[in-house]
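Descriptive analysis of the structure
If you want the building blocks of each chain, they are given just below.
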Amino acid sequence: MNKTELIAAVTQSAGLTKKDTERVINAAIDAITASLTAGDKVQISGFGTFEVKEREARIGRNPHTREAVEIPATKVPAFKPSKALKDTVAK
């Protein structure tokens with residue numbers, strides 16, 4: 001499912017207009033992104049937790065030349081599903 005299909009599904013189930021649904025979904029994504037950028041965790045009960053994890057610097061290898069390459073430290077977004085979501089998907 002892509003963003004357009006998500007908007008269509010939410011529009012149908014919520015009874016909102018497509019334009020209103022798109023604004024709501026974009027606002028939710030923007031709010032989650034802003035919170036993660038600020039270093040905060042976003043917990044949605046029954047769905048899961050979005051957070052920022054830090055990866056340490058490490059040495060990798062170029063697969064073509066086998067030369068060692070330093071990979072710098074970075075921050076990456078991560079999602080941890082809730083137990084309820086895991087159980088629903090497992091059925």
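Everything below is about the structure shown above.
Before going into details, it helps to say that this report is about the structure given with it. (Residues numbered from 1 in each chain as written. Predicted model: local features only at pLDDT ≥ 70, side-chain atom pairs only at ≥ 80, totals over all residues. Heavy atoms only, no water.)

**Quick look at the overall build of the protein**
Scanning the protein from N- to C-terminus turns up 3 helices and 5 strands. Here the C-alpha coordinates of the protein stretch approximately 55 × 30 × 30 Å along the principal axes. Classification of the 91 residues of the protein by burial places 13% in the buried group. Considering only contacts in the protein between residues 6 or more positions apart, those separated by 24 or more positions represent 30%. A total accessible area of about 7,400 Å² is found for the protein, and carbon and sulfur atoms account for 55% of it. (Helix = DSSP H or I, 4+ residues; strand = E, 2+ residues; numbered from the N terminus. Buried < 20%, exposed > 50% of the residue type's maximum accessible area, 1.4 Å probe, protein only. Contact = heavy atoms within 4.5 Å. Areas by Shrake-Rupley, 256 points an atom, 1.4 Å probe, with all protein chains shown as cover.)

**What about the packing of aromatic side chains?**
For the structure on display, the rule yields 3 aromatic pairs. With centroids separated by 6.5 Å and ring planes inclined at 35°, the aromatic side chains of F47 and F50 adopt a geometry described as tilted. Centroid distance F47 to F79: 5.3 Å. Interplanar angle 45°. Geometry classified as tilted. With F47 in the loop between β1 (42-44) and β2 (48-55) and F79 in strand β5 (residues 74-81), this pair connects stretches of sequence that are 32 residues apart. Taking the relative accessible area as the measure of exposure, F47 reaches 37% and is therefore partly exposed. By the ring-pair criterion, three or more aromatic residues cluster together here, those being F47, F50 and F79. (Phe/Tyr/Trp six-rings, centres within 6.5 Å; stacked < 30°, edge-to-face > 60°.)

**So, the pairing of strand β3 (residues 58-61)**
Residues in a regular strand project their side chains so that they alternate between the two faces of the sheet. For β3 and strand β4 (residues 68-71), the ladder comprises 4 bridges, and the chain directions are antiparallel. Residue pairing for β4: R61 is matched across the bridge by A68. (Pairing = 2+ DSSP bridges.)

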